[in-house]
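# Descriptive structure summary
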Amino acid sequence: MSGVLLAAEDLHYAYHADRPVLAGVSLAVRAGEVVALLGANGGGKSTLLKLLLGLLEPSRGTVRLDGRPLRAWSRRDVARRVAYIPQTQAMPFPYKVRDLVALGRIARRGLFDRLNRTDHAVVDAALARLAIADLAERPYTELSGGQRQLCLIARALAQEAPVIVMDEPATGLDYGNQWRLLALVRELAAEGRAFVQTTHHPEHALGGASRVVMLYGGRVVEDGAPLDVVTPEHVRRLYGLGVTRHRLADGNVVLVPQGASHA
Ligand SMILES: Nc1ncnc2c1ncn2[C@@H]1O[C@H](COP(=O)(O)OP(=O)(O)OP(=O)(O)O)[C@@H](O)[C@H]1O
């Protein structure tokens, strides 16, 4: 299919043979798309991301990058095409923020190559885009969780990969930064990048994604436009929580929880 950058075809995966986590997941991500992946805790979202990145091997099925099976690519070529922002990343070495973001350039250059003028300009642009230029000289290890998250996103931008995979990118970000990040992601997608991101916030999927995929019982149960997927019925099925959905006068759509249920 045209424009598909990253595709999962009938993926199966289990950490333990008697407990399948994914049981036939298919998904295609096209240039310009922001795909939000929703699912309950333990539903297999992070596992799916790791399969898409080639960090885990599916027991059945294939992941394709630019149409070629992932296992046919070298790790370095995958890193040039796909950037990953994991949920948490321990960073024992106290890199300065600028140096951490510059690590994104390794995929483009050799590990021991000196950064050239273009590399420095790309790093500066990434810091500016995340509005963290003022943190550039601070050690990463001394930053707050949310500041670290912004640095990891800047590093992914510096990598200049056409696909960016993010595991709960809004975690730890304050309310303003959460919505600024969603807006930035849409801007970057409009420039032709593709995003796959897990989220625990259906509102973020409604307001920030161009497509929403719901994982339930190890399968994709919904895949479509945010307004078609993030419905009270589907939210109840996924989270066991009743919500009402309202369109505001400005056109925005919001969910209002009705109270928890274990049904
Ligand atoms: N390394 C592992 N070894 C064994 N089981 C694992 C491992 N990692 C995850 N699991 C199990 O696989 C299932 C899916 O986990 P995964 O982390 O993919 O879910 P998730 O949807 O990302 O969850 P959350 O929303 O809580 O982050 C869970 O039942 C989890 O316990």
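We now turn to the structure provided with this report. By convention here, each chain's residues receive numbers from 1 onward along its written sequence. Predicted model: local features are reported for residues with pLDDT of at least 70 only, side-chain atom pairs are reported and counted for 80 or more only, and whole-chain, interface and lining totals are derived from all residues.

### Some points on the sheet that holds strand E10 (residues 219-224)
- Strand order in this open sheet of six strands is E6-E7-E8-E3-E9-E10, and the pairing throughout is mixed. The open sheet terminates on both sides in strands that have one partner only, identified here as strand E6 (82-85) and E10. Neighbour-to-neighbour, the strand axes of the sheet open up by a mean angle of 15°, direction not taken into account.
- Relative to strand E8 (residues 194-198), helix H1 (residues 45-53) is tilted by about 150°, and along the sheet it contacts strand E3 (34-38), E6, strand E7 (163-166), E8 and strand E9 (211-216). By this definition, two strands are paired if DSSP reports at least two bridges between them. The helix and strand labels rest on DSSP assignments: H or I over at least four residues marks a helix, E over at least two residues marks a strand, and numbering proceeds from the N terminus. Angles run from 0 to 180 degrees between N-to-C directions of axes, and those axes are lines fitted to C-alpha atoms, restricted for helices to the stretch in contact. Contact between residues is assigned whenever the C-beta positions, reconstructed from backbone atoms, fall within 7 Å.

### Focus: the site of the ligand
- Defining nearness, a residue is near a molecule or strand when the C-beta atom obtained from its backbone falls within 6 Å of it. As a structural note, the neighbourhood of the ligand is formed by Tyr15, Val21, Gly39, Asn41, Gly42, Gly43, Gly44, Lys45, Ser46 and Thr47.
- Here the shell around the ligand gets three residues from one element, more than from any other, and that element is H1.
- When the residues that make up the shell around the ligand are grouped by side-chain class, the tally is two nonpolar, seven polar and one charged. Note that Gly is not counted as nonpolar here; it falls among the polar residues with everything else outside the nonpolar set of Ala, Val, Leu, Ile, Met, Phe, Trp, Tyr, Cys and Pro and the charged set of Asp, Glu, Lys and Arg.

### Some details on the sheet that holds strand E1 (residues 4-16)
- Taken in spatial order, the four strands make up an open sheet running E2-E1-E4-E5, and their pairing is antiparallel. The open sheet has two edge strands with one neighbour each: strand E2 (19-30) and strand E5 (68-69).
- Both strand E4 (residues 60-65) and E5 contribute to a ladder of two bridges, which runs antiparallel. Bridging across to E5, Leu65 finds its partner in Arg68.

### Points about the packing of helix H4 (residues 117-129) against helix H5 (residues 145-158)
- The contact between H4 and H5 brings their axes to 9 Å, and the two run at 140°. The pairing of H4 with H5 is recorded here as oblique in orientation. In this structure, H4 crosses over H5, and the sense of that crossing is right-handed. Where H4 abuts H5, its residues Val122, Val123, Ala126, Leu127 and Arg129 lie against Ala154, Leu157 and Ala158.
- Residue composition of the contact of H4 with H5, by class: seven nonpolar, no polar and one charged. Any angle between 65 and 115 degrees counts as roughly perpendicular, while under 35 counts as roughly parallel, over 145 as roughly antiparallel, and the rest as oblique. The hand of a helix crossing depends on one turn: near helix anticlockwise from the far one by less than a right angle means left-handed, and clockwise means right-handed.

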